[in-house]
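# Structural description and commentary
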Amino acid sequence: MKKILLIIFPLFLLAGCSNRQAPEITPWGTVVGGSGTSAETSPGRRFSLDDIMNNGEMIMLTLSGPESYYDYQGKGMGLQYLLCDQFAQNLGVSLRVEVCKDTTDMIRQLAEGNGDVIAVPLSRNLPEKIKKDLLFCGVSMDSAKTQWAVNKDNKELADSLNHWFKPEMIAKTKREENFLLSTRSIVRHVYSPMLNPTAGIISRYDGYFQMFAPMARIDWRLMAAQCYQESCFDPNAHSWAGAEGLMQIMPSTASHLGLDMGQLHDPEANVAAAAKYMAELGGRFSDIPDPAERCYYVLASYNGGYQHIRDAMALASKFGRNPYSWGNVSEFVLNLTMPQFYNDPVVKHGYMRGDETVDYVNRIRSRWSEYRGVARGKGFSPGGFGIMTPHRSRHRNRFR
């Protein structure tokens, strides 16, 4: 019996070791990973200003909202985020955003060392038991009645924020944000929305729309209407966010699609990549049975992001509306501009500029209705007012 126990006991030890991964050392402490285990971090680990600069990253704790933080076409926006990003640049570090549920969650995350700065103006009149571990500093919106906060032990970071912040930064940053959100931030030549109505030619790129729209399972004239909304048919159009070309392809999207960055302004490659991306989005909405309805969800996602549209669908379902009808869902896309909706538990991705996305879809639908009278126009060689025709394709198989 002793022999059996002596043999079995080491086997148990080996079995226990085989299911245990070596601890992973992270900036926040020791993390134990592995299937079926939850990650644990050492409590109360806090980074000093020197730690932040040495590691090259600052973590901002914030809330979702138009004044704090939201994702806009793949870029962070919101006054508090833009200010915090400026401070991070001043330090020479990158900025990571952690969106919290509420003020209590932000303060808890700060106390646990999961962030460096609360970049939301907190009231200095918070109950003492809540604010006892906070050091108010940095951005103040109203004569220091509200202010950002760091952990009370992080005085160097607080001093750096106080030295950096100037009240005039708020108005300046607001002006910059308003500019970025306007059409003035897109550099493009505005061409006519209809090149030759008599000949049935929408643009010189009709041949490309005719070639690639079937990939996205949409009418080529709908794709033409979308292109006009994106770039006004200017292949050299570019925006502050990095969107390029006829269909305003973002560099990250181009990389995802396998489009070489040098081809972003190539009309054929740009339209082909957009069609491939729209086909991908269409696949994500395969649960919408009506193809005519589905294309509006695709357009909305192209502009405002797939996750936000899914949030709007979840809200529609919660409130007893049909999540597969764009007429119903578009109302909740608009509602995602309001706190009672973007803070709803079914919403996973927070605030969005829903009015812009709904307007985007409506404008494309309206122009499409104008284009629908156009039959497949006659193609002829480029030059003058000619259109690009399929037989001149150099990249026709690149994205198939």
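Now for a description of the structure that goes with this document. These figures come from a predicted structure and were not determined experimentally. (Residues numbered from 1 in each chain as written. Predicted model: local features only at pLDDT ≥ 70, side-chain atom pairs only at ≥ 80, totals over all residues. Heavy atoms only, no water.)

## Section: the packing of helix 9 (residues 220-231) against helix 12 (residues 291-304)
For clarity, the threshold we go by: To get an axis, a line is fitted to the C-alpha atoms, and for a helix only the part in contact is used. The angle between two axes follows their N-to-C directions and goes from 0 to 180 degrees. Each helix corresponds to a stretch of at least 4 residues labelled H or I by DSSP, and each strand to a stretch of at least 2 residues labelled E; elements are numbered beginning at the N terminus. For classification purposes, angles smaller than 35 degrees are called roughly parallel, those larger than 145 roughly antiparallel, those between 65 and 115 roughly perpendicular, and all remaining angles oblique. Crossing handedness follows the turn of the near helix against the far one: under a right angle anticlockwise gives a left-handed crossing, and clockwise gives a right-handed one. Whether two residues touch is decided by their heavy atoms; if any such pair falls within 4.5 Å, the residues are in contact.
Look at helix 9 against helix 12: their axes get within 13 Å of each other, and the N-to-C directions meet at 20 degrees. By the angle between their directions, the pair helix 9 and helix 12 is classed as roughly parallel. As for the relative orientation of helix 9 and helix 12, their crossing is right-handed in sense. For the pair formed by helix 9 and helix 12, the contact residues are L222, Q226 and E230 on the first element and C295, L299 and Y302 on the second.

## Notes on unusual backbone geometry
Peptide bonds are, in most cases, trans, and in most cases residues other than glycine have a negative phi. Rules: For each residue, the accessible area found with a 1.4 Å probe, counting protein chains only, is set against the maximum for its type, and the residue is called buried under 20%, exposed over 50%, and partly exposed in between.
Of note in the backbone geometry, C232 takes a positive phi value of approximately 60 degrees without being a glycine. You can see C232 is positioned in the loop between helix 9 and strand 11 (238-239). The class of C232 is buried, set by a relative accessible area of 7%.

## Remarks on the environment of Q86
In this fold, Q86 is placed in helix 3 (residues 79-91). C-alpha separation for the pair Q86 and W164, spaced 78 residues apart in sequence, amounts to 9.7 Å. Beyond its immediate stretch of four places on either side in the chain, Q86 contacts W164, T173 and E176.

## Examining the pattern of salt bridges
Close approach of charged atoms allows side chains of opposite charge to pair. Applied cut-off: We define a salt bridge as a contact between a side-chain nitrogen of Lys or Arg and a carboxyl oxygen of Asp or Glu at a distance within 4 Å.
Summed over the entire model, instances satisfying the criterion amount to 16 salt bridges. Note that R221 and D219 form a salt bridge whose closest N and O atoms lie 3.0 Å from each other. We note that R221, like D219, is buried. Among the ionic pairs, D287 bridges to R310, the shortest N-O distance being 2.8 Å. Residue D287 is found in the loop between helix 11 (267-284) and helix 12, and its partner R310 is found in helix 13 (residues 306-318); the two are separated by 23 residues along the sequence.

## A few points about helix 12
Every α-helical turn comprises 3.6 residues, leaving residues that sit three or four positions apart pointing alike. As a reminder, the rule being used: Helix span, as expected, comes to 1.5 Å for every residue beyond the first. Under this definition, polar contacts are N or O atom pairs within 3.5 Å; protein pairs additionally need one hydrogen-donor-capable and one acceptor-capable atom, and for neighbouring residues in sequence, both atoms have to be side-chain atoms.
Its 14 residues place the ends of helix 12 20 Å apart at the C-alpha level, agreeing with the 20 Å of an ideal helix rising 1.5 Å per residue. Of all 14 residues in helix 12, 10 are buried; the element is thus mostly enclosed. Restricting attention to buried positions, one finds in helix 12 the residues C295, Y296, Y297, V298, L299, A300, S301, Y302, N303 and G304. Elements that come into contact with the buried residues of helix 12 comprise helix 9, helix 11, helix 13, helix 14 (326-335) and helix 16 (354-371). One side-chain oxygen at the N-terminal end of helix 12 lies 2.9 Å from the backbone nitrogen of A292; it belongs to D290. Immediately beyond the C-terminal end of helix 12, within one or two residues, lies G305, with a positive phi of roughly 100 degrees.

## Side note on the sheet that holds strand 7 (residues 117-123)
Strand pairing in a sheet takes place through backbone hydrogen bonds and is either antiparallel or parallel in direction. For the record, the criterion: Should DSSP find at least two bridges between two strands, the strands are taken to pair.
Pairing in this open sheet of 5 strands is mixed, and the strands run 6-3-7-9-8 from one edge to the other. With partners counted over all chains shown, the strands left at the sheet margins are strand 6 (94-99) and strand 8 (134-140), one partner each. Each strand axis lies, on average, 35 degrees off the axis of its neighbour in the sheet, ignoring direction. Across 6 bridges, the pairing between strand 3 (residues 57-62) and strand 6 is parallel. For M58, the partnering residue across the bridge sits in strand 6 and is L95.

## Re the nonpolar core
What counts, and what does not: What makes a nonpolar core is a set of buried Ala, Val, Leu, Ile, Met, Phe, Trp, Tyr and Cys residues whose side-chain atoms join them at distances within 4.5 Å.
Ranked by internal contacts, the top residues of the largest apolar core, which has 100 residues, are M58, L161, F209, M223, M247, Y302 and W326. The element contributing the most residues to this core is helix 11, with 9 residues. Sequence-distant contacts of L161, defined by excluding residues within four places in its chain, comprise F87, V117, C137, G138, W148 and V150.

## Topic: the packing of aromatic side chains
What counts here: Working definition: a ring pair exists when centres of Phe, Tyr or Trp rings (six-membered ring for Trp) sit within 6.5 Å. Plane angles under 30 degrees give stacked, over 60 give edge-to-face, the rest tilted. In this analysis the charged atom, NZ for Lys or CZ for Arg, is taken to sit over a ring once it is within 6 Å of the ring centre and within 35 degrees of the ring normal.
Counted by the stated rule, this structure contains 14 aromatic pairs. Between Y297 and W326, the aromatic rings sit 5.4 Å apart at their centres with planes inclined by 70 degrees, giving edge-to-face as the arrangement. One end of the pair, Y297, is in helix 12; the other, W326, is in helix 14, and 29 residues separate them in sequence. You'll find Y297 and W326 in the same group, each marked buried. Grouped by ring-pair contacts, the aromatic residues F285, Y297, Y306 and W326 constitute a single cluster. Taking the ring centre of Y306 as reference, the NZ or CZ of R284 above it sits at 4.9 Å.

## Quick word on the packing of helix 14 against helix 16
Stated precisely, the cut-off is as follows: When residues are grouped by polarity, Ala, Val, Leu, Ile, Met, Phe, Trp, Tyr, Cys and Pro land in nonpolar, Asp, Glu, Lys and Arg in charged, and all others, Gly among them, in polar.
The N-to-C vectors of helix 14 and helix 16 enclose an angle of 145 degrees; their axes lie 7 Å apart at closest approach. Contacts between helix 14 and helix 16 involve W326, S330, V333 and L334 from the first element and G354, D355, T357, V358, V361 and R365 from the second. Grouping the amino acids of the contact of helix 14 with helix 16 by side-chain chemistry returns 5 nonpolar, 3 polar and 2 charged.

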